[in-house]
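Residue-level structural notes
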Amino acid sequence: MDIDFLTLLLVAAVSLAAPLLIAALGELISETAGVINIQLEAMMLVGAFVGVAGALLTQNIVLAFAGAIVGGLIVAALHGIACFWFRANQIVSGVTLNILALGATTFLLVSVMGADVTQSVARVERIPIPVLSQIPVIGPALFAQNVVVYLAFVAVPIIWWMLDRTSFGLALRSAGERPEAAESLGIDVNRTRWMALAMCGALAGIAGGLLTLGGLGFFTPNVTAGRGFIALAAVVFGRWRPAGTLVAVLLFSVVDAFQIRAQTLGLPVPYQLLVALPYLVTIIALAGFITRMRPPSALGVNYEH
Amino acid sequence: MTIGRLADPRSLAGAVLVPVASVVLALATVAVLLVVIGANPFDAFGSMFAAALGDAHAISTSVTKAVPRLMAALGIAIAIRAGLWNIGAEGQIYLGGMAATAVVLYAPELPFPLIPLLAIIAATLAGAAWGAIPGALRAWRGVNEVITSLMLVYVGIQVTRYMLEAPWAVPGATFPATEPFGAYARLPIVVPGTLLNLGALLALLAAIAAWFLVDRTRFGLNVRAIGGSPNASRFLGIRVNRMIFLTMAVSGAFAGLAGSIEVLGVRGRLIEGFSQAYGFEAIAVALLGRLHPAGIVGAALLFGVLDAGGAGLQTGARGVSSSIVQIAAGLSVGYVLIGLGIQEKLRERRRTRDALERTEAARADASGGDTSEATS
């Protein structure tokens, strides 16, 4: 394994990790407050779609990402209405929204945007940091990315601080662990959960936007291809902690980057099985064979007055 | 939302009314979407009708498309009745397809019913095994089955890719698939000139079996018991953990069966991506059918009709068919969820009102008929 291989591997890994990380951090906030989003995939997909649509309409990358946020928020709002207003089961609502989002984005792409489905849009530009980006091996991966990727990694300590050190974080955690007790302390559980859900929608929307606006430059049906589910797994594998989630995302991304490179280089590795590895590792970790982990007590349980 | 709200409607009208109204509303929404994109909805529904129900061949297309969703949904419904979420039917379908293929590829050529029979049994077992993994982890290690069953979908899909691109790869093929199976290994067409294969009849049998299993057997009684209250079930002497394991295995078995029908009956070979999210849509089918086999048959047929009909849409772009089905599916279930929520709120309001009236009546009695005091 030579230096070039390692450099390219790391660049690919970090690029793959950023959208996963943003979505996973959103899901972490939401799950901390007791709301599970099986439709994280849908939030990313709609974010990716609206992001590209916004870029086509406005030719402005900032407005395009604003569109991606709106896309994620729409899915979050539908989930909240179903679960908090109409008391739907969170898993049922999530599964339904995944199906709906896949159908709706494909439909809009084919029927509204027309045959020109792979129309390229302006992409968010890379900003190499002087000197640091020249460091061998890790420089290009860590210091020659676009601004959203930098922000994704900066978000990890910020979200840790928010969850662990602020009263808002305490409200989130109590809404996810002991909603009844939280309510008796004057915390509006459902309002707290709405906020957590909105943050998740916004972040997952950005994550989707990063896929299309940061990498591909266009939208194709099902462009997220299961990344929302990987992000879900990363939260679990990261034991509902920001740092743990980061480690999980990096682990999954290195494996993923390796299988892509193994494929292009024709390495004698059954890459299909490597792709399956993050999922398998998550299952094994969940089963407690690596370390004990416990989800928030009230995760997925709607709070009713 | 409790499982009971989904599974045990208070009346037949309630059981049928909410899903049917939801489907009508979903189709109306799709019609509006078609208008928005500039299609005439009457023409669009007309061409959809022709492609889905126009003649025997069209009807057989719809039924064939309903079959995998129906069978996977039957299994998902059994799990939900037990309070378990088998989100991984898609993966179990792939395992079933692979197991059936393995039998066809490795077994010698035998007289007709033998190979499909063995393949179907193998597929059922493989699906059961794939479902049993999350079941066992939930039962004995307390791991939420939602995440694990979902993760196993992707493992199943990747294993299928591996098999098709390595050990079962056909040299020089442009797309990962096995060679077409010989007639001896396929499920035959039952109505000549149509696509209707033996799998459709097996699906009906599976629906009856699922109904019998849940409503008429000790196993089904236990399924409903642990779905209602795991703690009470424990006191009744039900081995809850064992039941969780078995239920998830049974649930996976139905999906595995669906995979074998798709491979042996519809495709006639194993092909990458042979299940087009049938296992995910089956969750919607199970919910739309209110977890009852009869309702599930109806919901699956609706999805089959939409799938076949979508292909007949004259928009000239690929991808419309599948997106129409997914929109209608998502909306139908979404409306059902909202409908059930409204139903529950109305019922609650009525209960509160009745309770208030009773209290007021009691107060009126106590105060010697002085109602002004009671209402204050």
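Calculation rules
Residues numbered from 1 in each chain as written. Chains lettered and ligands numbered in written order. Predicted model: local features only at pLDDT ≥ 70, side-chain atom pairs only at ≥ 80, totals over all residues. Heavy atoms only, no water. Helix = DSSP H or I, 4+ residues; strand = E, 2+ residues; numbered from the N terminus. Rg over C-alpha atoms; globule rule 2.2 N^0.38 Å. Buried < 20%, exposed > 50% of the residue type's maximum accessible area, 1.4 Å probe, protein only. Contact = heavy atoms within 4.5 Å. Areas by Shrake-Rupley, 256 points an atom, 1.4 Å probe, with all protein chains shown as cover. Lys, Arg positive; Asp, Glu negative; His and termini not counted. Charge placed at Lys NZ, Arg CZ, Asp CG, Glu CD. Axes fitted to C-alpha atoms, helices over the stretch in contact; angles between N-to-C directions. Parallel < 35°, antiparallel > 145°, perpendicular 65-115°, else oblique. Left-handed = near helix turned anticlockwise from the far one by under 90°. Nonpolar A, V, L, I, M, F, W, Y, C, P; charged D, E, K, R; others polar. Buried area = accessible area lost by both parts, 1.4 Å probe. Polar contact = N/O pair within 3.5 Å; in protein donor to acceptor, adjacent residues only side chain to side chain. Phe/Tyr/Trp six-rings, centres within 6.5 Å; stacked < 30°, edge-to-face > 60°. Lys NZ or Arg CZ within 6 Å of the ring centre and 35° of its normal. pLDDT = per-residue confidence, 0-100. Salt bridge = Lys/Arg side-chain N within 4 Å of Asp/Glu carboxyl O. Disulfide = S-S within 2.5 Å. Expected span 1.5 Å × (residues − 1). Bend = angle between axes of the 7 residues up to and from the residue.

Across its full length, chain A carries twelve helices and zero strands. Ordering the α and β elements of chain A from the N terminus gives α-α-α-α-α-α-α-α-α-α-α-α. The C-alpha atoms of chain A give a radius of gyration of 19 Å, which matches the 19 Å a tight globule of 305 residues would have. In chain A, which comprises 305 residues, the share counted as buried stands at 57%. Put simply, of all contacts in chain A between residues at least 6 apart along the chain, 75% involve residues at least 24 apart. Of the roughly 12100 Å² of accessible surface on chain A, a fraction of 70% belongs to carbon and sulfur atoms. One finds the centroid of the 14 positive side-chain charges in chain A at a distance of 6 Å from the centroid of its 14 negative side-chain charges.

What follows concerns the overall build of chain B. A count of helical and extended segments in chain B gives 15 helices and zero strands. With respect to the principal axes defined by its C-alpha atoms, chain B has extents near 95 × 60 × 30 Å. Counting all 376 residues of chain B, 52% fall into the buried class. In chain B, of all internal contacts separated by at least 6 residues, the share reaching a separation of at least 24 is 75%. Surface exposure of chain B reaches about 16000 Å², of which carbon and sulfur atoms provide 65%. If you average the places of the 27 positive and of the 21 negative side-chain charges in chain B, the two averages end up 6 Å apart.

Time to look at the environment of P278(A). Residues and elements named next belong to chain A. Along the chain, P278 falls in helix 12 (residues 271-286). With a relative accessible area of 6%, P278 lands in the buried category. For the pair formed by P278 and G214, sequence separation is 64 residues and the distance between their alpha carbons is 23 Å. Sequence-distant contacts of P278, defined by excluding residues within four places in its chain, comprise I230, F252 and V255.

How two helices pack is summed up by the angle between their axes together with the distance between the axes. All names here are of chain A. At a closest axis distance of 7 Å, the pairing of helix 2 (residues 40-58) and helix 10 (residues 227-237) adopts a crossing angle of 135°. Taken together, the axis directions place helix 2 and helix 10 in an arrangement best described as oblique. Crossing hand, helix 2 versus helix 10: right-handed. Counting all contacts with helix 2, which are made through L40, E41 and M44, the residues of helix 10 involved are R227, G228, F229, A231 and L232. Per-class residue counts for the contact of helix 2 with helix 10 are five nonpolar, one polar and two charged.

Here we come to the interface of chain B and chain A. Every contact between the two is made by 48 residues of chain B and, on the other side, 41 residues of chain A. Overall, the association of chain B and chain A removes approximately 4000 Å² of surface from exposure, summing both partners, and the carbon and sulfur fraction of that is 77%. Our count for the contact surface shared by chain B and chain A stands at seven residue pairs in polar contact (both at pLDDT 80 or more). Put simply, the parts of the chain that give the side of chain B that touches chain A at least two residues each are helix 2 (12-36), helix 6 (114-141), helix 7 (145-165), helix 12 (278-288) and helix 14 (320-366) of chain B. For the side of chain B that touches chain A, the leading source of residues is helix 14 of chain B, giving 17 residues. In terms of residue class, the side of chain B that touches chain A is made up of 31 nonpolar, eight polar and nine charged.

Here we come to the packing of aromatic side chains. Summed over the entire model, instances satisfying the criterion amount to twelve aromatic pairs over all chains. Consider the rings of W140(B) and F245(B), whose centres lie 5.4 Å apart with planes at 50°: the pair is tilted. One end of the pair, W140(B), is in helix 6; the other, F245(B), is in helix 11 (residues 240-267), with 105 residues separating them in the sequence. Chaining the aromatic ring pairs together yields one cluster made of F229(A), Y279(A), Y154(B) and F280(B). The lysine or arginine in question, K345(B), covers the ring of F86(A), its NZ or CZ lying 5.5 Å from the ring centre.

Residues and elements named next belong to chain B. Where helix 4 (residues 56-81) contacts helix 13 (residues 293-311), the axes come no closer than 7 Å and their chain directions differ by 140°. Classified by the angle their axes make, helix 4 and helix 13 are oblique. Here the hand of the crossing between helix 4 and helix 13 comes out right-handed. Side by side, helix 4 and helix 13 meet where T61, S62, V63, K65, A66, R69, L70, A73, L74 and A77 of the first sit next to P293, I296, V297, A300, L301, F303, G304, V305, D307 and A308 of the second. For the contact of helix 4 with helix 13, the class distribution of residues is 14 nonpolar, three polar and three charged.

Residues and elements named next belong to chain B. Summary statistics for chain B give a mean pLDDT of 89 and a share of 92% for residues scoring 70 or more. At the level of individual helices and strands, chain B shows its lowest average pLDDT in helix 15 (residues 371-375), which scores 46, and its highest in helix 5 (residues 89-106), which scores 98. Segment residues 371-376: pLDDT under 50, and eight contacts once partners within four positions in sequence are set aside and those in other chains are kept. If you check the scores for this complex, the pTM reads 0.89 and the ipTM reads 0.87.

Now for the pattern of salt bridges. Residue and element names in this part refer to chain B. One pass over the structure, following the stated rule, counts eight salt bridges over all chains. R69 is paired through a salt bridge with E281; the nearest N and O atoms lie 2.7 Å apart. One end of the pair, R69, is in helix 4; the other, E281, is in helix 12, and 212 residues separate them in sequence. Given the relative accessible area of 3%, E281 is considered buried.

Turning our attention to the state of the cysteines. Put plainly, two cysteines are in a disulfide when a covalent bond ties their sulfur atoms together. All names here are of chain A. With the rule as written, the count across this model stands at zero disulfides over all chains. No disulfide involves C200; its sulfur sits 12 Å from the nearest other cysteine sulfur, which is in C83. Judged by its relative accessible area of 0%, C200 falls in the buried class.

A few words now on helix 4 of chain B. Residue and element names in this part refer to chain B. Spanning 26 residues, helix 4 covers 36 Å between terminal C-alpha atoms, matching the ideal 38 Å at 1.5 Å per step. Of all the bends in helix 4, the greatest reaches close to 30° and is centred on V67; the proline P68 follows between one and four positions later. Helix 4 sits mainly inside the fold: 21 of its 26 residues count as buried. Structurally, the start of helix 4 carries an N-cap: the backbone nitrogen of H57 is 3.1 Å from a side-chain oxygen of D55. Positive backbone phi, at 80°, marks G83, one or two positions downstream of helix 4.

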